[in-house]
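Summary of structural features
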Amino acid sequence: MADAEHGGPKDALCECTWGWNELKPGDNPCFHMPQVHPSLIKHIDRLTGGREGLRFLLPLCGKSLDMKWLQEKGHTVVGVEFVEKAAQHFFEDHGIEPTVSEEPSIGGGKHYKGLDGKISMYICNYFDFNSDVCGQFDAVWDRGSLMAMEVRDQKRYVDLTKSLMKPDARYMMETFECSKDQGQGQGHGDGHGREPHGHHHGNEQQSHGHPHDQPHGEGGEDIITGDQIKALFGDGYEFACLEDKNSPPNDFAKQHGYISLIYFLKPK
């Protein structure tokens, strides 16, 4: 697959198989949420605006259970993921026989399609994906994907994702902060402290190299603030924080020692 323009084969999106190749059959990566995200369930009406039959985009989707849940709600779901094993696991786990095709237009990636196209996964570098491949979307559910980007790539990621959104599309995202009892000095990758930033937190795409070796982003950035998100998206979007530090934590966040923050954006 083509390398992202900032990096080559060591770019943050180009070595993210750690955590998948070591899995035994039936196992999940430690960053996989084993249930539908409770915030997606809680805020689905706001994300859809009460509309039915929408096209959903899930960047860096891994084998997220959210995709099947959205499809069962009557939506068409497209995930983008670098690790092919994630797609294989997803379709096997749900007993879906996909069709698999080569997609030269996305850097030599692949397209997994199941349930008559109601669920698709494109296996490619996210920066190779574009609206010519799959059109535009009504809604985006970003579970930690923006946070998985190097700081230098965050604006590029947002601009690409905006280009994939219809004019009235809505966007909901989860970001993370360490819980107070974990602090900022803990190690990565063992389910504690800063683990969500060490490997991709939930939608399952990691920074390059072994996650224990690599802080999130340039300069070790571990959080992205609401003000930073607003600046990345620009003045054309209404912005709201739906869940903050004072919201009841979900079980997965408590188990892994982080605080989940949920933000929502829609065009003005």
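Our subject in this report is the structure included herewith. (Residues numbered from 1 in each chain as written. Predicted model: local features only at pLDDT ≥ 70, side-chain atom pairs only at ≥ 80, totals over all residues. Heavy atoms only, no water.)

A few points about the environment of Ile44
Of note, Ile44 is situated in helix α1 (residues 38-48). Measuring from C-alpha to C-alpha, the distance between Ile44 and Met172 comes to 9.4 Å, with 128 residues separating the pair along the chain. The contact partners of Ile44, leaving out residues within four places of it in the chain, are Phe56, Trp69 and Leu70. (Helix = DSSP H or I, 4+ residues; strand = E, 2+ residues; numbered from the N terminus. Contact = heavy atoms within 4.5 Å.)

Describing the sheet that holds strand β7 (residues 165-178)
The strand order across the open sheet formed by nine strands is β3-β4-β5-β2-β1-β6-β7-β9-β8, and the pairing between neighbours is mixed. At either margin of the open sheet sits one strand with a lone partner, and together these are β3 (99-103) and β8 (237-243). Direction aside, the axes of adjacent strands within the sheet are offset by 20° on average. The pairing of β3 with strand β4 (residues 109-114) spans five bridges and is antiparallel. Paired with Glu103 across the two strands is Gly109, which belongs to β4. In the packing of helix α3 (residues 84-93) onto the sheet, contacts are made with β2 (76-81), β4 and β5 (119-123), and the angle to β5 comes to roughly 160°. (Pairing = 2+ DSSP bridges. Axes fitted to C-alpha atoms, helices over the stretch in contact; angles between N-to-C directions.)

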